Amino acid sequence: MTGQPITPPLQTNTLKRRGLLFILSSPSGAGKTTLSRMLLEADNHVEMSVSATTRAPRPGEQDGVHYHFVSDAEFDRMIEEDDFYEWAEVFGHRYGTPKGAIRNALKEGRDFLFDIDWQGTQQLYQKDAQDVVSVFILPPSLDELRRRLEARAQDSATVIDARMERARAEISHWAEYDYVVINDDVEECFARVCEILDAERMRRTRQTGLIPFVRELMG
Ligand code: 5GP
């Protein structure tokens, strides 16, 4: 077929479809980063939307992979130029989703994964409700959440306390999501997330190739 992107053709053997914006939200430590990594490894039809942030990189984080690390001045410029789908301030730093190539990519049937909080989800939903599928990941308990944050050992006790405080606020938004999954066992939780994505890809309104297909079918 002509005009295919260099990446493996999406939806081989199935109809042309519109991509979607797949949001995974959870309080930090509830597993969305692990789940995102698992999804990206398991499914090459989905790619990460890389946010811009003004916070400093953590050990092991790479610019352009985990985030685009930008200065305050650069972030201001991006806001002025309307470069963001959404942006928010979290823990005194700003985070935003650059529009970049996302809009055109959706028409080609590419899916984007977003690891963003409830504020980002609301804004993205307002800008483009038809393409958003949102999933909230809950921890099995707050004790377990704290244990996971401590095990990460990347943050000081004060930062962990602040994250626990914010976790409660984050969890209070669970009912604004399309789907909610409890991350007790990560493999189990991942299986649920994959089922959600599979079903959402099959939605009639996303299968833009259906009309020509049915026309052909009916002669
Ligand atoms: P961290 O500093 O731990 O990587 O992220 C802190 C918080 O910022 C997380 O809750 C994460 O979901 C949120 N975040 C990351 N990128 C974005 C973004 O582009 N927009 C919004 N609104 N939140 C983001």
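What you see is a predicted model; the values in this text were computed from it and never measured.

(A) Structural view of the side chain of Ser-134. Its location among the elements puts Ser-134 in strand β8 (residues 132–138). Given the relative accessible area of 2%, Ser-134 is considered buried. If we skip the residues at most four places from it in the chain, Ser-134 touches Ile-23, Thr-121, Glu-176, Tyr-177, Asp-178 and Tyr-179.

(B) Region of the structure containing helix α4 (residues 118–127). Restricting attention to buried positions, one finds in α4 the residues Gly-120, Thr-121 and Leu-124. Mapping the buried residues of α4 onto a view down its axis gives an arc of 100 degrees, with all of them on the same face. The elements touched by buried residues of α4 are β1 (21–25), β5 (84–90), β7 (111–115) and β8.

(C) Structural detail: the packing of helix α5 (residues 142–152) against helix α6 (residues 157–171). Contact geometry for α5 and α6: axes closest at 11 Å, N-to-C directions at 140 degrees. Classified by the angle between their axes, α5 and α6 sit oblique to one another. As for the relative orientation of α5 and α6, their crossing is right-handed in sense. For the pair formed by α5 and α6, the contact residues are Leu-142, Leu-145, Arg-146, Leu-149, Glu-150 and Arg-152 on the first element and Ile-160, Asp-161, Arg-163, Met-164, Ala-167, Arg-168 and Ile-171 on the second.

(D) Spatial organisation of the packing of helix α1 (residues 32–42) against helix α7 (residues 186–201). Their axes nearest at 10 Å, the elements α1 and α7 cross at an angle of 55 degrees. Compared by their axis directions, α1 and α7 come out oblique. For the element pair α1 and α7, the recorded crossing hand is right-handed. Residues Thr-34, Leu-35, Met-38, Leu-39 and Ala-42 of α1 lie in contact with α7, whose contacting residues are Val-186, Glu-187, Cys-189, Phe-190, Cys-194 and Leu-197. For the contact of α1 with α7, the per-class residue count stands at 9 nonpolar, 1 polar and 1 charged.

(E) Spatial organisation of the pairing of strand β6 (residues 93–98). Burial runs high along β6: 5 of the 6 residues are buried. For strand β3 (residues 52–53) and β6, the ladder comprises 2 bridges, and the chain directions are antiparallel. Bridging from a neighbouring strand, Ala-52 pairs with Gly-96 of β6. Here β5 runs beside β6; their pairing, made up of 6 bridges, is antiparallel. Following the sheet pairing, Glu-86 is matched in β6 by Thr-97. The loop that links β5 with its antiparallel partner β6 comprises 2 residues; one of these, Phe-91, has a positive phi angle of about 50 degrees.

(F) Seen up close, the nonpolar core. If you look at the biggest cluster of nonpolar residues, it comprises 17 residues, and the most contacted ones within it are Phe-22, Leu-24, Leu-35, Leu-39, Val-135 and Ile-137. Looking at this core, the elements with two or more residues in it are β1, α1, β8 and α7. Here this core takes 5 residues from α7, the largest share from any one element. Of all hydrophobic cores here, the second largest spans 11 residues; its members include Leu-106, Phe-114, Ile-116 and Leu-124.

(G) Highlighting a nonpolar patch on the surface. A surface patch of nonpolar side chains, about 420 Å² in accessible area, is lined by Phe-213, Val-214, Leu-217 and Met-218. Given a relative accessible area of 42%, Phe-213 falls into the partly exposed group.

(H) View of unusual backbone geometry. Positive phi is not limited to glycine here, since Asp-82 has a value of about 55 degrees. Within the secondary structure, Asp-82 sits in the loop between α2 (72–80) and β5. Even without being glycine, Phe-91 reaches a positive phi, approximately 50 degrees. Here Phe-91 shows up in the loop between β5 and β6.

Definitions and limits used
Residues numbered from 1 in each chain as written. Predicted model: local features only at pLDDT ≥ 70, side-chain atom pairs only at ≥ 80, totals over all residues. Heavy atoms only, no water. Helix = DSSP H or I, 4+ residues; strand = E, 2+ residues; numbered from the N terminus. Buried < 20%, exposed > 50% of the residue type's maximum accessible area, 1.4 Å probe, protein only. Contact = heavy atoms within 4.5 Å. Arc of directions from axis to C-beta. Axes fitted to C-alpha atoms, helices over the stretch in contact; angles between N-to-C directions. Parallel < 35°, antiparallel > 145°, perpendicular 65-115°, else oblique. Left-handed = near helix turned anticlockwise from the far one by under 90°. Nonpolar A, V, L, I, M, F, W, Y, C, P; charged D, E, K, R; others polar. Pairing = 2+ DSSP bridges. Core = buried A, V, L, I, M, F, W, Y, C linked by side-chain atoms within 4.5 Å. Patch = residues over 30% accessible without salt bridge, like charges linked within 9 Å, V, L, I, M, F, W, Y side chains within 5 Å. Areas by Shrake-Rupley, 256 points an atom, 1.4 Å probe, with all protein chains shown as cover. Salt bridge = Lys/Arg side-chain N within 4 Å of Asp/Glu carboxyl O.

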